[in-house]
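# Architecture at a glance
Residues per chain are reported as follows:
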Amino acid sequence: HQPTMKLLCIVACLVATANSFTLQPSKRQITSISAEEKSATQRDILNKLDDNYQYDGRLPSGGDGSRCGFACIVGAPNMGKSTLMNALLQEDLCVATRRPQTTRHAILGVLTEESTQLCLVDTPGVIDEPAYKLQEGMMEAVMGAFHDADVLLVVTDLFSTPIPDDDLFDKVQRSQKPVIVVINKVDLADRVNPVSEENQADGRTVTVEEAVAKWRSLLPEAVAVLPLSAEDGANNIGVAALRTILMGKDDVAAALREMGRPIAGTFPDGVRTITDKVCKELLPLGPPLYDEDVLTDRPERFFASEIIRAALFENLKKEVPYCCEVRVTGFREPKEEDKKQFTRINAVVVVERDSQKGIVVGKGGDIIKKVGIEAREKLEDFLQAKVYLDLHVKVEKDWRKKEDILKQYGYLR
């Protein structure tokens, strides 16, 4: 694998050079290079690598026109980013609850079709001023995914909830990366009261048309501003259109027509629709980074901890679930000789205070028992196997503020 990884690094450097083409030339020279010329240059480099480096197990360099890239999903808390990623992947990979800030890590989801591999990255909801070290680590995850992305998916809602961090939004506005704005939760339009005091707040929109127009003004160069309802799942027409765009499939216009007459501001000024060519060039030329059957780079025990943590969010009120971390201490799949074919999972719920431990356990253990039952059912659905789940609760005082513990838990580098 080492020669392959070294070669991929060489490819990445060469393609990056071909992409920029601008270490020395003037600005006028930069703008004179067409997209076709850059693509042709990339293909030439990649084809030469294929011609000159041949050995068993080597991945193709992408000179055949295959594309692979990263799309970072970014937005305020509770915008439905995880739900959108699941819908695009057509898999329930990320846990999603109705509580904000459920997601704490950047989570990769891989969608591979024919000659295109899309690496989606779900990120924690953006926080303007992190209150403790854990939230600082979460924002590090957001910024890391932002910098690594080839495409930015900015997710908002019917009410045009902004990205809370002005510095990050300024980076989005100034970025040379293609941006697609997703206006999620448009199904709320029929239920909203436009004259309520809340909806009269400055900058808040209450119709799809208003939201599209506002985000077009905020990001005038965005490839598209797409209204959709991620909660409807993979077959929502907006989700399907977005998937078609990101994967660079043929006949993008047909997918967009399924959404009905375009709303003013859906596309940039002077653009009637997005062409297949524009969509195909959203992701850079290059070989797939993952095998075609790979869905994520996270292990099953990571998702086990996420599923248990989601059950805590569903069963605990106020701030208590935000003080909880779940550590999987044992994950054993059944062996053929085992009489009982169970996947055995041992997990510890970590809290910050003795009082929180009492709340999580509940009277006579009723809360932790309910959490365990709900988590086990979801784990069995996720793993497609019978699960034996053993849950315990322990106190780790002020764990969210301690750098050494957060590094151990994977929140800080």
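Residues numbered from 1 in each chain as written. Predicted model: local features only at pLDDT ≥ 70, side-chain atom pairs only at ≥ 80, totals over all residues. Heavy atoms only, no water.

## A closer look at the overall build of the protein chain
Scanning the protein chain from N- to C-terminus turns up 14 helices and 9 strands. Taken over 413 residues, the protein chain has a buried fraction of 47%. Residue pairs in contact within the protein chain that sit at least 24 positions apart in sequence constitute 70% of those at least 6 positions apart. Carbon and sulfur atoms provide 49% of the accessible area of the protein chain, an area that totals close to 21,500 Å². (Helix = DSSP H or I, 4+ residues; strand = E, 2+ residues; numbered from the N terminus. Buried < 20%, exposed > 50% of the residue type's maximum accessible area, 1.4 Å probe, protein only. Contact = heavy atoms within 4.5 Å. Areas by Shrake-Rupley, 256 points an atom, 1.4 Å probe, with all protein chains shown as cover.)

## What about the nonpolar core?
Membership of the largest hydrophobic core comes to 46 residues, with the highest contact counts inside it found for Val-172, Val-181, Leu-219 and Trp-399. A total of 6 residues in this core trace back to one element, the largest contributor, which is helix α5 (residues 133-148). In this structure, Val-172 is in contact with Phe-146, Leu-152, Val-154, Ile-163, Val-179 and Leu-219, ignoring residues within four places of it in sequence. Counting 41 residues, the second largest nonpolar core, distinct from the first, contains Met-85, Leu-120, Val-155 and Leu-283. (Core = buried A, V, L, I, M, F, W, Y, C linked by side-chain atoms within 4.5 Å.)

## Concerning the confidence of the model for the protein chain
On average, residues of the protein chain score 89 in pLDDT, and 86% of them are at 70 or above. In the model, residues 1-7 has pLDDT below 50 throughout and makes 9 contacts with residues more than four positions away in sequence or in other chains. In the predicted structure, residues 20-32 sits below a pLDDT of 50 and forms 5 contacts with residues beyond four places in sequence or in another chain. (pLDDT = per-residue confidence, 0-100.)

## Examining the pattern of salt bridges
According to the stated counting rule, one finds 18 salt bridges in the structure shown. In this structure, the salt-bridge partner of Glu-325 is Arg-104, at a minimum N-O distance of 3.2 Å. Here the residue Glu-325 occupies a position in strand β7 (residues 325-332), and Arg-104 occupies one in the loop between α4 (81-89) and β2 (107-113), the gap between them amounting to 221 residues. Across the pair, Arg-104 and Glu-325 agree in class, each one buried. Among the ionic contacts, a cluster of salt bridges with common partners joins Lys-133, Glu-136, Glu-403 and Lys-407. (Salt bridge = Lys/Arg side-chain N within 4 Å of Asp/Glu carboxyl O.)

## Points about a negative patch on the surface
A cluster of acidic residues, Asp-128, Glu-129, Asp-166 and Asp-167, forms a negative patch on the protein surface. Mapped onto the elements, Asp-166 comes out in helix α6 (residues 166-174). (Patch = residues over 30% accessible without salt bridge, like charges linked within 9 Å, V, L, I, M, F, W, Y side chains within 5 Å. Lys, Arg positive; Asp, Glu negative; His and termini not counted. Charge placed at Lys NZ, Arg CZ, Asp CG, Glu CD.)

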